[in-house]
Amino acid sequence: MQVPFVDLKAQYASLKDEFDRAILDAVGDTAFIAGGRVTKFEQEFAAYLGTKHCVAVANGTDAIEIALRSVGIGDGDEVILPANTFFATAEAVTNVGATPVFVDSHPETYDIHPSKIEERITDKTKAIIAVHLYGLPADMDEIVAVAERRDLKLIEDCAQAHGAKYKGQKVGTFGDAATFSFYPSKNLGAFGDAGAMVTNSQETADIARAISNHGQLQKNRHDLVGRNSRMDGIQGAVLSVKLPHLDGWLEARRVHAGRYNELLEGKVPTPTPPENREHTYHLYVVRVPDREAVAAKLKDAGIDTGVHYPVAIPFTPAYEHLGYAPEDLPVAHSQMSELLSLPMFAELTTEQIDYVCETLTLALPRAATAGE
Ligand SMILES: *Cc1c(COP(=O)(O)O)cnc(C)c1O
(Lines give C-alpha, C1' and ligand atoms only; values in the text may rest on other atoms or scores of the structure.)
Protein backbone atom coordinates (compact mmCIF):
# COMPACT_ATOMS: atom_id res chain seq x y z
CA MET A 1 0.00 0.00 0.00
CA GLN A 2 1.20 3.53 -0.79
CA VAL A 3 0.43 6.32 1.66
CA PRO A 4 1.42 9.78 0.46
CA PHE A 5 2.07 12.51 3.01
CA VAL A 6 -0.62 14.67 1.41
CA ASP A 7 -2.76 13.97 -1.66
CA LEU A 8 -3.81 17.16 -3.40
CA LYS A 9 -5.20 15.24 -6.37
CA ALA A 10 -7.94 13.61 -4.29
CA GLN A 11 -9.35 16.99 -3.25
CA TYR A 12 -9.13 18.39 -6.77
CA ALA A 13 -10.96 15.35 -8.14
CA SER A 14 -13.74 15.69 -5.56
CA LEU A 15 -14.75 19.15 -6.88
CA LYS A 16 -13.18 19.10 -10.33
CA ASP A 17 -16.11 20.54 -12.30
CA GLU A 18 -16.54 23.45 -9.92
CA PHE A 19 -12.82 24.25 -9.91
CA ASP A 20 -12.53 24.02 -13.68
CA ARG A 21 -15.51 26.28 -14.22
CA ALA A 22 -14.31 28.86 -11.67
CA ILE A 23 -10.83 28.97 -13.20
CA LEU A 24 -12.07 29.20 -16.78
CA ASP A 25 -14.48 31.98 -15.82
CA ALA A 26 -11.65 33.95 -14.18
CA VAL A 27 -9.42 33.47 -17.23
CA GLY A 28 -12.26 34.31 -19.60
CA ASP A 29 -12.81 37.57 -17.73
CA THR A 30 -9.01 38.17 -17.74
CA ALA A 31 -9.40 38.80 -14.00
CA PHE A 32 -5.79 37.92 -13.35
CA ILE A 33 -4.81 40.05 -10.37
CA ALA A 34 -7.05 41.11 -7.47
CA GLY A 35 -10.54 42.14 -8.70
CA GLY A 36 -14.03 40.92 -7.93
CA ARG A 37 -13.27 37.28 -7.22
CA VAL A 38 -10.60 38.24 -4.70
CA THR A 39 -12.90 40.80 -3.03
CA LYS A 40 -15.62 38.16 -2.82
CA PHE A 41 -13.26 35.70 -1.14
CA GLU A 42 -12.04 38.40 1.27
CA GLN A 43 -15.64 39.00 2.37
CA GLU A 44 -16.40 35.28 2.68
CA PHE A 45 -13.26 34.56 4.67
CA ALA A 46 -13.80 37.51 7.03
CA ALA A 47 -17.38 36.29 7.61
CA TYR A 48 -16.16 32.73 8.21
CA LEU A 49 -13.72 33.91 10.87
CA GLY A 50 -15.88 36.67 12.31
CA THR A 51 -13.39 39.48 11.66
CA LYS A 52 -14.24 42.85 10.14
CA HIS A 53 -11.54 43.02 7.47
CA CYS A 54 -9.60 40.64 5.28
CA VAL A 55 -6.80 41.78 2.98
CA ALA A 56 -5.79 39.17 0.41
CA VAL A 57 -2.07 39.10 -0.37
CA ALA A 58 0.35 37.02 -2.41
CA ASN A 59 1.39 34.46 0.24
CA GLY A 60 1.46 33.78 3.96
CA THR A 61 4.98 35.09 4.48
CA ASP A 62 4.09 38.46 2.97
CA ALA A 63 0.97 38.47 5.15
CA ILE A 64 3.14 38.34 8.30
CA GLU A 65 5.48 41.06 7.06
CA ILE A 66 2.57 43.28 6.06
CA ALA A 67 0.77 42.66 9.36
CA LEU A 68 3.90 43.59 11.32
CA ARG A 69 4.36 46.80 9.32
CA SER A 70 0.67 47.66 9.54
CA VAL A 71 0.74 47.61 13.34
CA GLY A 72 3.91 49.71 13.38
CA ILE A 73 6.72 47.18 13.87
CA GLY A 74 10.03 48.05 12.22
CA ASP A 75 13.69 48.94 12.66
CA GLY A 76 15.17 48.26 16.07
CA ASP A 77 12.08 46.55 17.52
CA GLU A 78 12.09 43.11 19.06
CA VAL A 79 9.37 40.59 18.30
CA ILE A 80 8.73 37.47 20.38
CA LEU A 81 7.92 34.23 18.57
CA PRO A 82 8.24 30.49 19.11
CA ALA A 83 11.55 28.75 18.35
CA ASN A 84 9.73 25.90 16.62
CA THR A 85 7.66 27.19 13.73
CA PHE A 86 8.07 27.42 9.98
CA PHE A 87 11.06 29.59 9.05
CA ALA A 88 8.82 32.25 7.47
CA THR A 89 7.56 33.51 10.85
CA ALA A 90 11.08 34.63 11.79
CA GLU A 91 11.98 35.71 8.28
CA ALA A 92 9.08 38.18 8.24
CA VAL A 93 10.29 39.73 11.51
CA THR A 94 13.81 40.16 10.14
CA ASN A 95 12.54 41.53 6.84
CA VAL A 96 10.70 44.41 8.54
CA GLY A 97 13.95 45.38 10.26
CA ALA A 98 13.10 43.92 13.67
CA THR A 99 14.89 41.23 15.68
CA PRO A 100 13.23 37.88 16.39
CA VAL A 101 13.38 36.80 20.05
CA PHE A 102 12.75 33.10 20.40
CA VAL A 103 10.76 31.37 23.14
CA ASP A 104 10.84 27.65 23.91
CA SER A 105 8.07 25.18 22.98
CA HIS A 106 5.56 23.75 25.41
CA PRO A 107 6.61 20.08 25.71
CA GLU A 108 3.13 18.67 25.09
CA THR A 109 1.31 21.14 22.86
CA TYR A 110 4.42 22.14 20.83
CA ASP A 111 3.07 25.70 20.75
CA ILE A 112 4.97 28.62 22.29
CA HIS A 113 5.38 28.07 26.05
CA PRO A 114 3.17 30.83 27.46
CA SER A 115 4.90 31.16 30.82
CA LYS A 116 8.29 31.64 29.17
CA ILE A 117 7.29 34.71 27.19
CA GLU A 118 7.57 37.35 29.87
CA GLU A 119 11.21 36.64 30.73
CA ARG A 120 12.18 37.50 27.13
CA ILE A 121 10.53 40.91 27.13
CA THR A 122 12.91 43.91 27.07
CA ASP A 123 12.30 47.62 26.60
CA LYS A 124 12.65 47.06 22.83
CA THR A 125 9.93 44.38 22.65
CA LYS A 126 6.98 45.62 20.60
CA ALA A 127 5.04 42.52 19.59
CA ILE A 128 4.34 38.83 20.10
CA ILE A 129 3.59 36.46 17.24
CA ALA A 130 1.52 33.51 18.43
CA VAL A 131 1.75 30.59 15.99
CA HIS A 132 -1.02 27.99 16.15
CA LEU A 133 1.43 25.27 15.31
CA TYR A 134 0.32 22.10 13.52
CA GLY A 135 -3.28 23.40 13.76
CA LEU A 136 -3.52 23.54 17.56
CA PRO A 137 -4.45 26.95 18.99
CA ALA A 138 -1.76 28.42 21.24
CA ASP A 139 -2.67 29.31 24.83
CA MET A 140 -4.51 32.51 23.98
CA ASP A 141 -5.74 33.41 27.50
CA GLU A 142 -2.13 33.57 28.72
CA ILE A 143 -0.74 35.19 25.58
CA VAL A 144 -3.44 37.87 25.36
CA ALA A 145 -2.90 38.61 29.08
CA VAL A 146 0.87 39.10 28.64
CA ALA A 147 0.36 41.27 25.57
CA GLU A 148 -2.12 43.48 27.43
CA ARG A 149 -0.06 43.66 30.63
CA ARG A 150 3.12 44.63 28.76
CA ASP A 151 1.40 46.76 26.10
CA LEU A 152 2.59 44.66 23.15
CA LYS A 153 0.99 44.17 19.76
CA LEU A 154 -0.30 40.64 19.19
CA ILE A 155 -0.21 38.95 15.82
CA GLU A 156 -1.46 35.42 15.21
CA ASP A 157 0.23 33.31 12.53
CA CYS A 158 -2.69 31.07 11.55
CA ALA A 159 -1.02 29.54 8.47
CA GLN A 160 -1.60 26.04 9.86
CA ALA A 161 -4.87 26.64 11.70
CA HIS A 162 -7.71 27.91 9.48
CA GLY A 163 -10.92 27.32 11.42
CA ALA A 164 -9.26 26.14 14.66
CA LYS A 165 -11.03 27.29 17.83
CA TYR A 166 -9.86 28.30 21.28
CA LYS A 167 -12.71 28.22 23.82
CA GLY A 168 -15.16 28.30 20.94
CA GLN A 169 -13.58 31.36 19.31
CA LYS A 170 -11.82 31.03 15.96
CA VAL A 171 -8.10 31.74 15.87
CA GLY A 172 -7.29 34.88 13.95
CA THR A 173 -9.67 36.94 16.09
CA PHE A 174 -7.62 37.40 19.27
CA GLY A 175 -4.92 39.91 18.38
CA ASP A 176 -4.31 43.15 16.51
CA ALA A 177 -3.97 41.24 13.24
CA ALA A 178 -3.71 37.64 12.07
CA THR A 179 -2.21 36.03 9.02
CA PHE A 180 -3.08 33.03 6.87
CA SER A 181 -1.32 31.10 4.16
CA PHE A 182 -3.19 29.37 1.36
CA TYR A 183 -0.13 27.47 0.15
CA PRO A 184 -1.57 24.45 -1.71
CA SER A 185 -0.97 21.89 1.04
CA LYS A 186 -2.34 24.04 3.89
CA ASN A 187 -5.75 23.07 5.31
CA LEU A 188 -7.28 25.68 3.00
CA GLY A 189 -5.00 25.72 -0.04
CA ALA A 190 -5.05 27.64 -3.31
CA PHE A 191 -3.72 26.41 -6.67
CA GLY A 192 -0.52 28.39 -6.22
CA ASP A 193 0.77 30.88 -3.65
CA ALA A 194 -1.78 33.01 -1.78
CA GLY A 195 -2.27 34.48 1.68
CA ALA A 196 -4.32 36.93 3.73
CA MET A 197 -4.19 39.24 6.72
CA VAL A 198 -7.28 39.81 8.85
CA THR A 199 -8.00 42.45 11.48
CA ASN A 200 -10.87 44.22 13.21
CA SER A 201 -9.15 47.60 12.80
CA GLN A 202 -10.14 49.68 9.79
CA GLU A 203 -6.88 51.61 10.04
CA THR A 204 -4.70 48.48 10.12
CA ALA A 205 -6.62 47.04 7.18
CA ASP A 206 -6.23 50.24 5.15
CA ILE A 207 -2.48 50.38 5.77
CA ALA A 208 -2.08 46.66 4.97
CA ARG A 209 -4.00 47.06 1.73
CA ALA A 210 -1.90 50.05 0.77
CA ILE A 211 1.38 48.26 1.57
CA SER A 212 0.30 45.27 -0.51
CA ASN A 213 -0.44 47.48 -3.51
CA HIS A 214 2.50 49.88 -3.92
CA GLY A 215 1.59 52.12 -1.02
CA GLN A 216 -1.65 53.36 -2.56
CA LEU A 217 -4.20 54.40 0.05
CA GLN A 218 -6.16 55.63 -2.97
CA LYS A 219 -5.74 54.66 -6.58
CA ASN A 220 -2.80 56.48 -8.17
CA ARG A 221 -1.80 58.14 -4.90
CA HIS A 222 1.33 56.61 -3.41
CA ASP A 223 1.18 57.57 0.26
CA LEU A 224 3.90 55.26 1.45
CA VAL A 225 6.49 52.88 0.05
CA GLY A 226 4.79 49.54 -0.13
CA ARG A 227 5.34 46.57 -2.36
CA ASN A 228 3.55 44.28 -4.76
CA SER A 229 1.77 41.52 -2.85
CA ARG A 230 -1.68 40.86 -4.31
CA MET A 231 -3.74 37.70 -4.71
CA ASP A 232 -4.39 36.36 -8.20
CA GLY A 233 -8.00 36.28 -9.39
CA ILE A 234 -7.75 32.55 -10.08
CA GLN A 235 -6.70 31.91 -6.48
CA GLY A 236 -9.63 33.95 -5.17
CA ALA A 237 -11.99 31.88 -7.35
CA VAL A 238 -10.47 28.57 -6.20
CA LEU A 239 -10.58 29.56 -2.53
CA SER A 240 -14.26 30.55 -2.81
CA VAL A 241 -15.03 27.09 -4.18
CA LYS A 242 -13.16 25.48 -1.28
CA LEU A 243 -14.22 27.57 1.71
CA PRO A 244 -17.72 26.04 2.14
CA HIS A 245 -16.04 22.62 2.40
CA LEU A 246 -13.38 23.61 4.93
CA ASP A 247 -15.26 22.63 8.09
CA GLY A 248 -16.05 19.20 6.63
CA TRP A 249 -12.40 18.66 5.73
CA LEU A 250 -11.32 19.72 9.24
CA GLU A 251 -13.79 17.27 10.74
CA ALA A 252 -12.35 14.49 8.56
CA ARG A 253 -8.86 15.37 9.82
CA ARG A 254 -10.09 15.18 13.43
CA VAL A 255 -11.62 11.75 12.81
CA HIS A 256 -8.32 10.55 11.29
CA ALA A 257 -6.38 11.95 14.24
CA GLY A 258 -8.73 10.15 16.61
CA ARG A 259 -7.98 6.85 14.92
CA TYR A 260 -4.25 7.51 14.94
CA ASN A 261 -4.44 8.38 18.66
CA GLU A 262 -6.32 5.19 19.43
CA LEU A 263 -3.94 2.92 17.53
CA LEU A 264 -0.74 4.62 18.69
CA GLU A 265 -1.64 5.08 22.34
CA GLY A 266 1.14 3.91 24.65
CA LYS A 267 3.53 3.49 21.72
CA VAL A 268 4.55 7.06 20.94
CA PRO A 269 3.53 10.43 22.41
CA THR A 270 0.46 11.45 20.41
CA PRO A 271 -0.92 15.01 20.10
CA THR A 272 -2.85 15.99 23.22
CA PRO A 273 -5.04 19.06 22.73
CA PRO A 274 -5.83 20.67 26.08
CA GLU A 275 -9.50 21.05 26.92
CA ASN A 276 -11.29 23.80 25.04
CA ARG A 277 -8.84 23.87 22.15
CA GLU A 278 -10.03 22.48 18.82
CA HIS A 279 -7.07 21.05 16.91
CA THR A 280 -7.34 21.13 13.11
CA TYR A 281 -4.46 18.71 12.49
CA HIS A 282 -2.74 20.46 9.64
CA LEU A 283 0.04 18.14 10.75
CA TYR A 284 -0.25 14.98 12.85
CA VAL A 285 3.01 14.98 14.77
CA VAL A 286 4.38 12.27 17.05
CA ARG A 287 7.83 11.87 18.60
CA VAL A 288 10.01 8.85 18.00
CA PRO A 289 13.51 7.86 19.04
CA ASP A 290 15.98 7.20 16.21
CA ARG A 291 13.76 9.18 13.84
CA GLU A 292 15.79 8.88 10.63
CA ALA A 293 15.79 5.08 10.87
CA VAL A 294 12.07 4.96 11.65
CA ALA A 295 11.24 7.31 8.74
CA ALA A 296 13.40 5.20 6.40
CA LYS A 297 11.53 2.03 7.39
CA LEU A 298 8.19 3.74 6.75
CA LYS A 299 9.47 4.99 3.40
CA ASP A 300 10.50 1.43 2.45
CA ALA A 301 6.97 0.35 3.25
CA GLY A 302 5.51 3.01 0.91
CA ILE A 303 4.63 5.59 3.59
CA ASP A 304 5.77 9.20 3.24
CA THR A 305 6.43 11.24 6.37
CA GLY A 306 7.68 14.75 7.11
CA VAL A 307 9.61 16.60 9.81
CA HIS A 308 8.31 19.90 11.18
CA TYR A 309 10.90 21.10 11.76
CA PRO A 310 14.28 19.38 11.62
CA VAL A 311 16.13 22.40 13.03
CA ALA A 312 14.46 24.93 15.33
CA ILE A 313 14.89 28.38 13.81
CA PRO A 314 17.49 29.81 16.27
CA PHE A 315 19.78 26.89 15.42
CA THR A 316 19.60 27.36 11.64
CA PRO A 317 22.65 28.86 9.90
CA ALA A 318 20.60 31.98 9.14
CA TYR A 319 20.04 32.76 12.83
CA GLU A 320 23.15 31.25 14.43
CA HIS A 321 24.56 34.75 14.83
CA LEU A 322 21.93 35.50 17.49
CA GLY A 323 23.86 33.12 19.73
CA TYR A 324 21.15 30.87 21.18
CA ALA A 325 22.49 27.82 23.02
CA PRO A 326 20.57 24.53 23.37
CA GLU A 327 20.05 25.21 27.09
CA ASP A 328 18.27 28.48 26.25
CA LEU A 329 15.56 26.50 24.44
CA PRO A 330 15.82 23.01 25.91
CA VAL A 331 12.44 21.66 24.78
CA ALA A 332 12.66 22.87 21.18
CA HIS A 333 16.27 21.68 20.99
CA SER A 334 15.66 18.19 22.35
CA GLN A 335 12.43 17.62 20.42
CA MET A 336 13.76 18.64 17.02
CA SER A 337 15.48 15.29 16.54
CA GLU A 338 12.31 13.33 17.47
CA LEU A 339 9.40 15.07 15.71
CA LEU A 340 7.80 12.99 12.97
CA SER A 341 4.74 14.04 10.95
CA LEU A 342 2.57 11.18 9.71
CA PRO A 343 0.39 11.30 6.59
CA MET A 344 -2.60 13.58 7.16
CA PHE A 345 -5.20 14.90 4.73
CA ALA A 346 -8.98 14.84 4.64
CA GLU A 347 -9.21 12.06 2.03
CA LEU A 348 -6.95 9.63 3.93
CA THR A 349 -8.64 6.22 4.36
CA THR A 350 -9.04 4.10 7.48
CA GLU A 351 -7.05 1.33 5.80
CA GLN A 352 -4.18 3.73 5.18
CA ILE A 353 -4.17 4.93 8.80
CA ASP A 354 -4.22 1.36 10.09
CA TYR A 355 -1.34 0.46 7.80
CA VAL A 356 0.71 3.49 8.94
CA CYS A 357 0.15 2.63 12.61
CA GLU A 358 0.97 -1.05 12.13
CA THR A 359 4.14 -0.22 10.19
CA LEU A 360 5.21 2.48 12.63
CA THR A 361 4.73 0.18 15.62
CA LEU A 362 7.03 -2.41 14.00
CA ALA A 363 9.55 0.26 12.98
CA LEU A 364 10.06 1.64 16.48
CA PRO A 365 13.30 0.74 18.20
CA ARG A 366 12.67 -2.07 20.71
CA ALA A 367 13.47 -0.02 23.80
CA ALA A 368 10.66 2.36 22.95
CA THR A 369 7.99 -0.34 23.13
CA ALA A 370 9.49 -2.34 25.98
CA GLY A 371 7.41 -2.59 29.11
CA GLU A 372 4.06 -2.54 27.38
C1 LIG B 1 3.25 28.01 5.55
C2 LIG B 1 3.56 28.88 6.68
C3 LIG B 1 3.93 30.23 6.51
C4 LIG B 1 4.23 30.82 5.17
O5 LIG B 1 3.23 30.77 4.25
P6 LIG B 1 3.56 30.88 2.67
O7 LIG B 1 2.22 31.06 2.08
O8 LIG B 1 4.20 29.60 2.28
O9 LIG B 1 4.44 32.06 2.48
C10 LIG B 1 4.12 31.01 7.63
N11 LIG B 1 3.99 30.51 8.87
C12 LIG B 1 3.67 29.22 9.07
C13 LIG B 1 3.52 28.73 10.48
C14 LIG B 1 3.46 28.36 8.00
O15 LIG B 1 3.14 27.07 8.22
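Just so you know, these numbers come straight off a predicted model, no measurement behind them.

J.: Please give an account of the sheet that holds strand β12 (residues 277–278) that cites residues and values.
T.: Within a sheet, neighbouring strands are paired by backbone hydrogen bonds and run either parallel or antiparallel to one another. Within the open sheet, the three strands sit side by side as β7-β6-β12. Their pairing is antiparallel. In the strand order of this sheet, the two ends are held by β7 (169–170) and β12, each with one partner. Relative to β7, strand β6 (residues 165–166) runs antiparallel, the two being bridged by two bridges. The partner of K165 across the bridge, within β7, is K170.

J.: An account of the side chain of T173 is needed here, citing residue identities and associated values.
T.: With respect to the helices, strands and loops of the structure, T173 is situated in the loop between β7 and β8 (177–181). Looking at T173, its side chain comes within polar contact range of the main-chain oxygen of K170, at 2.5 Å. With residues near it in sequence (within four places) discarded, T173 still touches L49, G50, T51 and E156.

J.: Kindly report on the sheet that holds strand β9 (residues 195–199), identifying the contributing residues and their values.
T.: With mixed pairing, seven strands are arranged side by side in an open sheet as β1-β9-β8-β5-β4-β2-β3. The open sheet is flanked by β1 (53–57) and β3 (99–103), the only strands paired with a single partner. Taking each pair of neighbouring strands and ignoring which way they run, the sheet shows an average axis angle of 25 degrees. Where strand β4 (residues 125–131) and strand β5 (residues 153–157) come together, five bridges link them in parallel fashion. Across the sheet, I129 pairs through a bridge with I155, a residue of β5. Along the sheet face, helix α3 (residues 36–49) touches β1, β8 and β9 and points at about 135 degrees away from the line of β1. Relative to β1, helix α7 (residues 202–212) is tilted by about 15 degrees, and along the sheet it contacts β1 and β9.

About the criteria used
- Residues numbered from 1 in each chain as written.
- Predicted model: local features only at pLDDT ≥ 70, side-chain atom pairs only at ≥ 80, totals over all residues.
- Heavy atoms only, no water.
- Pairing = 2+ DSSP bridges.
- Helix = DSSP H or I, 4+ residues; strand = E, 2+ residues; numbered from the N terminus.
- Polar contact = N/O pair within 3.5 Å; in protein donor to acceptor, adjacent residues only side chain to side chain.
- Contact = heavy atoms within 4.5 Å.
- Axes fitted to C-alpha atoms, helices over the stretch in contact; angles between N-to-C directions.

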